[in-house]
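Topology and contacts: notes
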Amino acid sequence: MFFNNHTHIDSYSVQHDKELSKPIISLDISLPKEQFHILNNINKYSLYTIGIHPWNCHVVNIDSFFSFIKEHAQSIIGIGECGLDRYAKADMSAQETIFIKHAELSETFKKPLIIHCVKAFNELLRIHKDFSPKMPWIVHGFNRNPEIAELLLNRNMILSIGVVLLDNRQSIVDMMNMIPDKQLVFETDISTVSISEIYKAASKAKQMTLEDLTFSIEHTIHSIYGHI
Ligand SMILES: [Zn+2]
């Protein structure tokens, strides 16, 4: 089974390897209300996280959405995606306040936090240090340099790697080999590429058999989310 640590409804719906994969689908405040009805119909193949993407931090009904997350906390396996993005409309201090609220929910409900971070890694590291969370923080779509990777890994954060693996760049291969197995997961995010393609590229980069890699990631996913 290929775990897809982070995807969205639209991109997941057109993927080709659904029978081989277990997706964790991120729902955001910007989705039409009707989409959230899927939370009333959860089963072992429906794994969801809910959060406010930093791109949507400027919308007005933030507080009511936080109440909505609390109401549905038992139907989700994680909080997010949420985070900090230098290019988002909301200013950084507003984004930080909203991000910290997500981190608090993550601790209260004992759900891991899925993080979107663009050009704000110093802020993220500072908040992680001040907040010192007990729950895992997963930085999704990580594609930055090895120095930043090392700083995040030293704080026990988990890196979720996606389509950047398909670029086949030496720097990505090097990065893959510095991430400990227990801090590594994979995702497709908004891409329509299948998660099996990401696993195959990773198995090549890490010079590991697909079987061994799949086993290792499954173990990591269970240590993050419990037995999902
Ligand atoms: Zn995403």
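Look up a bit, the structure's there.
As a starting point, this report considers the structure included with it. Computed from a predicted model, the values in this text were never measured in an experiment.

1. Considerations on the nonpolar core
Formed by 51 residues in total, the largest nonpolar core has its most connected members in Ile115, Ile138, Val139, Leu159, Val185, Phe186 and Ala202. At 6 residues, helix 7 (residues 195-205) tops the list of elements feeding residues into this core. With residues up to four places along the chain from it excluded, the contact list for Val139 reads Ile115, Cys117, Leu152, Met157, Leu159 and Ser160.

2. Description of helix 3 (residues 92-108)
When the terminal C-alpha atoms of helix 3 are compared, their 24 Å separation across 17 residues agrees well with the 24 Å that a helix rising 1.5 Å per residue should span. If you check which residues of helix 3 are buried, you get Gln95, Glu96, Ile98, Phe99, His102, Ala103, Leu105 and Ser106. Against strand 3 (47-51), helix 2 (62-71), strand 4 (78-85), strand 5 (113-118) and helix 4 (121-131) lie the buried residues of helix 3. One or two steps after helix 3, the chain reaches Lys110, where phi turns positive at roughly 55°.

3. Quick word on the environment of Pro133
Looking at where Pro133 falls in the secondary structure, it is placed in the loop between helix 4 and strand 6 (137-140). Judged by the 17 C-beta atoms lying within 10 Å of it, Pro133 is partly exposed. As for Pro133 and Pro112, which are separated by 21 residues in sequence, their C-alpha atoms are 9.8 Å apart. For Pro133, the contacting residues outside a window of four places in its chain are Ala103, Ser106 and Glu107.

4. Quick notes on the packing of helix 7 against helix 8 (residues 210-225)
In a pair of packed helices, the angle between the axes and the distance between the axes together describe the arrangement. At a minimum axis distance of 9 Å, the contact between helix 7 and helix 8 shows a crossing angle of 110°. Our classification of the angle between helix 7 and helix 8 gives roughly perpendicular. Mapping the contact onto sequence places Tyr199, Lys200, Ala202 and Ser203 in helix 7 and Leu210, Leu213 and Thr214 in helix 8. Class assignment of the residues belonging to the contact of helix 7 with helix 8 gives a composition of 4 nonpolar, 2 polar and 1 charged.

5. Notes on the environment of Arg86
For Arg86, the location among the structural elements is in the loop between strand 4 and helix 3. For Arg86, a count of 12 C-beta atoms within 10 Å translates into the label exposed. Considered as a pair, Arg86 and Pro54 are 32 residues apart in the sequence and their alpha carbons are 9.2 Å apart. Among all residues touching Arg86, those that are not within four sequence positions of it are Val118, Lys119 and Ala120.

6. Section: the environment of Ser171
Mapping Ser171 onto the fold places it in helix 6 (residues 170-178). The spacing of Ser171 and Asn143 is 28 residues in sequence and 9.9 Å in space, taken between C-alpha atoms.

Conventions adopted
- Residues numbered from 1 in each chain as written.
- Predicted model: local features only at pLDDT ≥ 70, side-chain atom pairs only at ≥ 80, totals over all residues.
- Core = buried A, V, L, I, M, F, W, Y, C linked by C-beta atoms within 7 Å.
- Buried ≥ 20, exposed ≤ 12 C-beta atoms within 10 Å, placed from the backbone.
- Helix = DSSP H or I, 4+ residues; strand = E, 2+ residues; numbered from the N terminus.
- Contact = placed C-beta atoms within 7 Å.
- Expected span 1.5 Å × (residues − 1).
- Axes fitted to C-alpha atoms, helices over the stretch in contact; angles between N-to-C directions.
- Parallel < 35°, antiparallel > 145°, perpendicular 65-115°, else oblique.
- Nonpolar A, V, L, I, M, F, W, Y, C, P; charged D, E, K, R; others polar.

That is the geometry; function is a separate question.
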